[in-house]
Amino acid sequence: AEFINFVANSYPQSQWRHVEALYLKLEALIRMARDAHTNQRDDAKQTTNAVIYVIQQMKTENPSLPEPISFLEADAHDYLGDFFSAEGSKNEAVGCYEKCRDIFKEVGYTIGVGQEESKIVHEKSKFEKERMIYNNPSMRQVVIQVRRGA
């Protein structure tokens, strides 16, 4: 928080610097949050939302922002989708992945579009597969055998 405040006070007119500072904090939090306590994940989610909010403000003022800003925005939506996915919030995760995919489409980043499409399909199918497999006794037995290498 001190770093974010320092940047905000030192560069009050530069939204780009504010986004950079938030994104640096976000990357550090993402690394810690994957294996950390809930409060760090919550802080990472709040920072992710702050990145998205500041970029949306920048877009309001200038709809044709540089491409790196679009990549930061897409990454933020992707991170947020990962958090929702980990929490089991399928619809929210899919929505975030779709926003990320759409941003990648706008900038012509086809690899990113493909990655997000994969995440969307995986997220939509993940819970269906589990329900189908574990509600069917014969499928449950097949999965157990496959996991054991039989």
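Residues numbered from 1 in each chain as written. Predicted model: local features only at pLDDT ≥ 70, side-chain atom pairs only at ≥ 80, totals over all residues. Heavy atoms only, no water.

(A) Molecular detail of the overall build of the chain. A count of helical and extended segments in the chain gives seven helices and zero strands. The linear arrangement of helices and strands in the chain, starting from the amino end, is α-α-α-α-α-α-α. When each of the 150 residues of the chain is scored for burial, the buried share is 33%. Taking contacts inside the chain between residues at least 6 apart in sequence as the whole, the part at least 24 apart equals 50%. Surface accessibility of the chain: about 9400 Å² in total, with carbon and sulfur atoms responsible for 52%. (Helix = DSSP H or I, 4+ residues; strand = E, 2+ residues; numbered from the N terminus. Buried < 20%, exposed > 50% of the residue type's maximum accessible area, 1.4 Å probe, protein only. Contact = heavy atoms within 4.5 Å. Areas by Shrake-Rupley, 256 points an atom, 1.4 Å probe, with all protein chains shown as cover.)

(B) Representation of the packing of aromatic side chains within the structure. The full count for this structure, using the stated rule, is three aromatic pairs. For the pair Phe 71 and Phe 104, a centre-to-centre distance of 5.8 Å together with 50° between the ring planes defines the contact as tilted. Taken together, the residues span a long stretch of sequence, with Phe 71 in helix α4 (residues 67–87) and Phe 104 in helix α5 (residues 90–107) at a distance of 33 residues. Look at Phe 71 and Tyr 109: their rings are 5.4 Å apart centre to centre, the planes differ by 70°, and that puts the pair in the edge-to-face class. One end of the pair, Phe 71, is in helix α4; the other, Tyr 109, is in the loop between α5 and α6 (110–135), with 38 residues separating them in the sequence. Overall, the relative accessible area of 31% leaves Tyr 109 in the partly exposed class. (Phe/Tyr/Trp six-rings, centres within 6.5 Å; stacked < 30°, edge-to-face > 60°.)

(C) Here's a closer look at the environment of Ser 70. As for its position among the elements, Ser 70 is in helix α4. Note on Ser 70: relative accessible area 14%, which makes it buried. For Ser 70, the residues in contact, after removing those within four places along its chain, are Ile 103 and Val 107.

(D) Layout of the nonpolar core. By size, the foremost hydrophobic cluster in this structure holds 24 residues, and its most contacted members are Val 19, Val 51, Ile 55 and Met 58. Elements that contribute at least two residues to this core include exactly α1 (2–10), α2 (15–33), α3 (38–61), α4 and α5. Looking at which element gives the most residues to this core, the answer is α4, with six residues. Here Ile 55 is in contact with Val 19, Leu 65, Ile 69, Leu 72 and Glu 73, once residues within four sequence places are set aside. Counting residues in hydrophobic clusters, the runner-up holds five residues, among them Ala 74, Cys 100, Ile 103 and Val 113. (Core = buried A, V, L, I, M, F, W, Y, C linked by side-chain atoms within 4.5 Å.)

(E) Representation of the side chain of Thr 47 in the model. Note that Thr 47 resides in helix α3. Since its relative accessible area comes to 4%, Thr 47 is described here as buried. What Thr 47 contacts, discounting residues up to four positions off in sequence, is Leu 22, Lys 25, Leu 26 and Leu 29.

(F) The state of the cysteines, seen in detail. A full pass over the atoms with the stated rule returns zero disulfides. For the unlinked cysteine Cys 96, the closest cysteine sulfur is that of Cys 100, found at 9.3 Å. Here Cys 96 falls in the buried class, since its relative accessible area comes to 7%. (Disulfide = S-S within 2.5 Å.)

Just distances and angles here, no functional claims.
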